Amino acid sequence: MKIPLVDLKAQYSSIKSEIDNAIAKVIAKTSFILGEEVSSFENEFSNFCDTRYAVGVSSGTAALQLALVSLGIGEGDEVITTPFTFIATSESILEVGAHPVFVDIEEDTYNIDVKLVEKAITRKTKAIIPVHLYGHPVDMDPLMEIARKHNIAVIEDACQAHGALYKGRKVGSIGDAGCFSFYPGKNLGCYGDGGMLVTNNEQIFEKTKLLRDHGRSDKYTHIAHGYNFRLDGIQAAILKVKLKYLEKWNDKRRKNAGIYNEGLSPLGSVTQPVEKEYAKHVYHLYVIRIKERDKLKLLLSENSIDTGIHYPIPLHKQPVYKKIGLSDKKLPVSEKCAKDILSLPIYAELEEDDIRKICNLIAEF
Ligand SMILES: *Cc1c(COP(=O)(O)O)cnc(C)c1O
């Protein structure tokens, strides 16, 4: 039996009738774009995140872009972020005309090294985008302190961390804005593209709501240069069903991580993920480090086990960024980690026996 990296079918089977009904209702009402389902999901999601506001958008990338635009960030501005993330993080910065400044990561959490942030601040720095990578929160208190001291905005990229806690607070609710992706494989995923911006800041909320829908104040009056970045009704209806299960699924991911930790801890050759005392990790990904990673990946694949590498090339080394001079910088921790990280299957429906099988294969390796 094959063990995939993510099993969206297993999850769908467990909630099929609820999902099918929710979709059918939206179709019956033909409430396809924004509408009632979207606003009620926005309410539920802002409650979930403990924020005053939430705006449903078309993707996590759109949420990041709208956060930057709403804060007035653009041409000539610098935005500090991590090179150890999915490219959408820096795409949004470049898309608004700003310049990404990469700061290296911590070797244990793989998150931006907050101790290195202050040195990277210049007169042009307007925002920091910390990424709660793999579902483990960034150390937000010292980061917020630096940002407040220098009057810089903080946009949390929480696209991999739905429900993760930092000192008991939901990620996404700590900075000026929090951005979530509902890409199907995320801890909370829809059946297409979708995203959300959450905030306690009324101005960011109003601006994001205006800009996601062509900058319109009414049907054919446009008061700002906007975008078509709307969430659709079918996705919102699906997400409303799935939000009820998110905590349960996250707990199952945590339980699976515990089984891995136990099975892998006798092996000196494997570096396990950490969970800092300030964190509740939601294990979007369970990432180990091991020498000869590519050989282990091959061995697992020969045994019908899918794994992933998130991500094999740090952003500053991406070919697309060579052309614009972002590749010259030395970010040694990111470069080192990219060579030996490996993501093992961790989805909620994964069986304990499967995890034991994977651990045994790694032990033999
Ligand atoms: C998935 C992801 C995004 C982008 O989300 P989309 O919904 O795919 O646009 C941004 N940042 C991180 C860290 C992600 O994992």
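Note that the structure is predicted; figures quoted are calculated from it, not measured. (Residues numbered from 1 in each chain as written. Predicted model: local features only at pLDDT ≥ 70, side-chain atom pairs only at ≥ 80, totals over all residues. Heavy atoms only, no water.)

The side-chain alternation of strand S2 (residues 78-81) yields two buried faces, one formed by Glu78 and Ile80 and the other by Val79 and Thr81. Summarising the sheet, S2 and strand S3 (residues 99-102) pair through four bridges and their orientation is parallel. Residue pairing for S3: glutamate 78 is matched across the bridge by histidine 99. For the crossover from S2 across helix H5 (residues 88-95) to S3, the handedness is right-handed. (Buried < 20%, exposed > 50% of the residue type's maximum accessible area, 1.4 Å probe, protein only. Helix = DSSP H or I, 4+ residues; strand = E, 2+ residues; numbered from the N terminus. Pairing = 2+ DSSP bridges. Right-handed = clockwise from strand over helix to strand, strands pointing away.)

Right, let's get into the environment of aspartate 104. Within the secondary structure, aspartate 104 is located in the loop between S3 and strand S4 (125-129). We classify aspartate 104 as buried; its relative accessible area is 6%. Spatially, the C-alpha atom of aspartate 104 lies 6.9 Å from that of proline 83, the residues being 21 residues apart in sequence. Only 2.8 Å separates the side chain of aspartate 104 from the backbone nitrogen of valine 333, close enough to count as a polar contact. (Polar contact = N/O pair within 3.5 Å; in protein donor to acceptor, adjacent residues only side chain to side chain.)

All right, on to a nonpolar patch on the surface then. Taken together, the side chains of Ile27, Phe32 and Ile33 define a hydrophobic patch exposed on the protein surface, amounting to about 270 Å² of accessible area. As for its placement among the helices and strands, phenylalanine 32 is situated in the loop between helix H2 (16-29) and helix H3 (35-49). (Patch = residues over 30% accessible without salt bridge, like charges linked within 9 Å, V, L, I, M, F, W, Y side chains within 5 Å. Areas by Shrake-Rupley, 256 points an atom, 1.4 Å probe, with all protein chains shown as cover. Salt bridge = Lys/Arg side-chain N within 4 Å of Asp/Glu carboxyl O.)

Judged by pairing direction, the sheet is mixed, and its seven strands sit side by side in the order S1-S9-S8-S5-S4-S2-S3 without closing on themselves. Of all the strands in the sheet, the pair left with one neighbour each is strand S1 (53-57) and S3. Between one strand and the next, the sheet's axes are offset by a mean angle of 25 degrees, whatever the strand orientation. As paired elements, S4 and strand S5 (residues 153-157) share two bridges and run parallel to each other. What sits directly across from alanine 127, in S5, is alanine 153. Across the sheet, H5 lies against S2, S3, S4 and S5, angled at about 140 degrees from S3, the strand it touches most. (Axes fitted to C-alpha atoms, helices over the stretch in contact; angles between N-to-C directions. Contact = heavy atoms within 4.5 Å.)

This model, assessed by the stated rule, comprises 15 aromatic pairs. Measuring from ring centre to ring centre gives 6.1 Å for tyrosine 12 and tyrosine 191, while their planes differ by 80 degrees; the resulting arrangement is edge-to-face. Of this pair, tyrosine 12 sits in helix H1 (residues 8-14) while tyrosine 191 is found in the loop between strand S8 (177-181) and strand S9 (195-199), placing the two residues 179 residues apart along the sequence. Classification of tyrosine 12 as partly exposed rests on a relative accessible area of 27%. In textbook terms, an aromatic cluster arises when at least three aromatic residues are bridged by ring pairs, as seen for Phe41, Phe45, Phe48, Phe180 and Phe182. (Phe/Tyr/Trp six-rings, centres within 6.5 Å; stacked < 30°, edge-to-face > 60°.)

This brings us to the nonpolar core. Grouped together as the largest cluster of nonpolar side chains are 37 residues, with contacts concentrated most on Phe84, Tyr260, Leu264, Tyr286, Ile288, Leu344 and Ile362. For this core, the secondary-structure elements that each account for two or more residues are helix H8 (233-264), strand S13 (286-289), helix H9 (293-302), helix H11 (332-340), strand S14 (341-344) and helix H12 (352-364). With five residues, the top contributor of residues to this core is H12. Both domain 1 (8-243) and domain 2 (246-364) contribute no fewer than three residues apiece to this core. Each residue touching leucine 264, except ones within four places of it in the same chain, is listed here: Val270, Gln272, Tyr286, Ile288, Leu344, Cys359 and Ile362. Residues Ala127, Ile129, Ala153 and Phe205 belong to the second largest nonpolar core, which totals 26 residues. (Core = buried A, V, L, I, M, F, W, Y, C linked by side-chain atoms within 4.5 Å. Domains from an automatic or database assignment.)

A word on the sheet that holds strand S6 (residues 165-166). Each strand in a sheet pairs with its neighbour through backbone hydrogen bonds, running either in the same direction (parallel) or in the opposite one (antiparallel). Spatial strand order, S7-S6-S12: three strands in an open sheet with antiparallel pairing. This sheet does not close on itself; its edge strands, each paired only once, are strand S7 (169-170) and strand S12 (279-280). Two elements, S6 and S12, share two bridges in a ladder whose sense is antiparallel. For leucine 165, the partnering residue across the bridge sits in S12 and is lysine 280.

What follows deals with the domain arrangement of the chain. Domain assignment breaks the chain into domain 1 (8-243) and domain 2 (246-364). Just the C-alpha atoms count here: the centres of domain 1 and domain 2 sit 24 Å apart. Of the roughly 3700 Å² buried between domain 1 and domain 2, counting both surfaces, carbon and sulfur atoms make up 62%. In this assembly, domain 1 and domain 2 are joined by four salt bridges. The tally of links from domain 1 across to domain 2 stands at 23 residue pairs in polar contact (both at pLDDT 80 or more). At four residues, S3 tops the list of elements feeding residues into the side of domain 1 that touches domain 2. Tallied by class, the residues present in the side of domain 1 that touches domain 2 amount to 24 nonpolar, 13 polar and ten charged. (Buried area = accessible area lost by both parts, 1.4 Å probe. Nonpolar A, V, L, I, M, F, W, Y, C, P; charged D, E, K, R; others polar.)

Further remarks concern the site of the ligand. Around the ligand lies a shell of 14 residues, among which Gly60, Thr61, Asp157, Ser181 and Lys186 are the nearest. For the ligand, a nitrogen atom lies 2.8 Å from a polar atom in the side chain of aspartate 157. Look at the ligand: alone it shows 380 Å² of surface, and the protein chains cover 93% of it. Breaking the shell around the ligand down by element, the ones donating at least two residues are helix H4 (60-70) and H5. (Near = heavy atom within 4 Å.)

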